[in-house]
Amino acid sequence: MMFQFYFKKMGSSETLKDLSERKLSDLVERFIGANGLVRITFQTEKKAQRVLCYLQGHNGQIFRASASSDNMYANLDAVAHKLESQLSKVKTRSTSSKQKTRYPTNRLRLVTDEREDEIDFWEDEFETPLRQMH
């Protein structure tokens with residue numbers, strides 16, 4: 001995982017770098033893995049302070065979050081919370097879509113001239129009707 005820090009209209013701060021790495025590294029590794037890119041921009045405008053975070057996953061997905069207030073540390077917490085909600089939403093979407101199947105059960109339909117049967121795929125009865133067809 002790679003972190004890039006940008007400071008606009010303010011001096012570079014090692015404490016902000018360390019704190020942001022601690023807060024976001026666990027989050028990024030849990031959802032994206034070790035191949036993520038995190039760009040964090042710390043910015044000041046008069047009394048307002050702003051944190052912008054850009055997160056890019058290994059598969060090309062991009063997540064952005066920003067927060068603005070008079071406290072830079074509170075902004076960092078808010079950005080981490082926003083990113084966590086975005087990442088968890090995407091992860092639950094992908095896992096729930098994988099669980100849905102097109103065919104709800106593993107049943108085969110056997111149609112012969114006399115009757116129509118639904119049989120389970122793994123039962124022993126499966127072989128007998130097929131043998132009768134031939």
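Refer to the preceding data block for the structure.
For clarity, every value in this text was computed on a predicted model and none was experimentally measured.

### Some words on the overall build of the protein
Helix and strand content of the protein: 3 helices and 6 strands. Each helix (α) and strand (β) of the protein, taken in turn from the N terminus, gives the series β-α-β-β-β-α-β-β-α. Contacts spanning at least 24 positions in sequence make up 41% of the contacts within the protein whose residues lie at least 6 apart. Here the protein displays about 9800 Å² of accessible surface, and carbon together with sulfur accounts for 47% of that area.

### Observations concerning the sheet that holds strand β3 (residues 48-56)
Ordered by their spatial adjacency, 4 strands build an open sheet running β1-β2-β3-β4, and the pairing between neighbours is mixed. Of all the strands in the sheet, just β1 (2-8) and β4 (62-69) have a single pairing partner and so form its edges. Across the sheet, the mean angle from the axis of one strand to that of its neighbour is 10 degrees, orientation sign disregarded. With 9 bridges joining them, strand β2 (residues 37-45) and β3 adopt antiparallel strand pairing. Across the sheet, the residue bridging to Glu45 is Ala48, located in β3. Contacts from helix α1 (residues 14-31) reach β1, β2 and β3, with the element oriented near 140 degrees to β1.

### What to know about α1
Here α1 is 18 residues long and its end C-alpha atoms lie 26 Å apart, about the 26 Å a rise of 1.5 Å per residue gives. Most pronounced at Leu24, the bend in α1 amounts to some 30 degrees. Remark: Gly33 follows α1 within two positions and exhibits a positive phi of approximately 115 degrees.

### Describing the side chain of Thr41
Mapped onto the secondary structure, Thr41 falls in strand β2. Judged by its relative accessible area of 12%, Thr41 is buried. Discounting chain neighbours no more than four positions away, the residues touching Thr41 are Tyr6, Lys8, Arg50, Val51 and Leu52.

### Side note on the layout of surface pockets
Counted as a void, the largest pocket has a volume near 190 Å³. Within the lining of the largest pocket, the residues separate by chemical class into 5 nonpolar, 5 polar and 1 charged.

Thresholds, definitions, all that
- Residues numbered from 1 in each chain as written.
- Predicted model: local features only at pLDDT ≥ 70, side-chain atom pairs only at ≥ 80, totals over all residues.
- Heavy atoms only, no water.
- Helix = DSSP H or I, 4+ residues; strand = E, 2+ residues; numbered from the N terminus.
- Contact = heavy atoms within 4.5 Å.
- Areas by Shrake-Rupley, 256 points an atom, 1.4 Å probe, with all protein chains shown as cover.
- Pairing = 2+ DSSP bridges.
- Axes fitted to C-alpha atoms, helices over the stretch in contact; angles between N-to-C directions.
- Expected span 1.5 Å × (residues − 1).
- Bend = angle between axes of the 7 residues up to and from the residue.
- Buried < 20%, exposed > 50% of the residue type's maximum accessible area, 1.4 Å probe, protein only.
- 1 Å grid on protein atoms, 1.4 Å probe; cavity = no way out; pocket = protein on both sides within 12 Å on 5 of 7 lines; lining within 4 Å.
- Points joined across faces, edges and corners; volume = space filled by probe spheres on them.
- Nonpolar A, V, L, I, M, F, W, Y, C, P; charged D, E, K, R; others polar.

What is shown is where atoms sit, not what they do.
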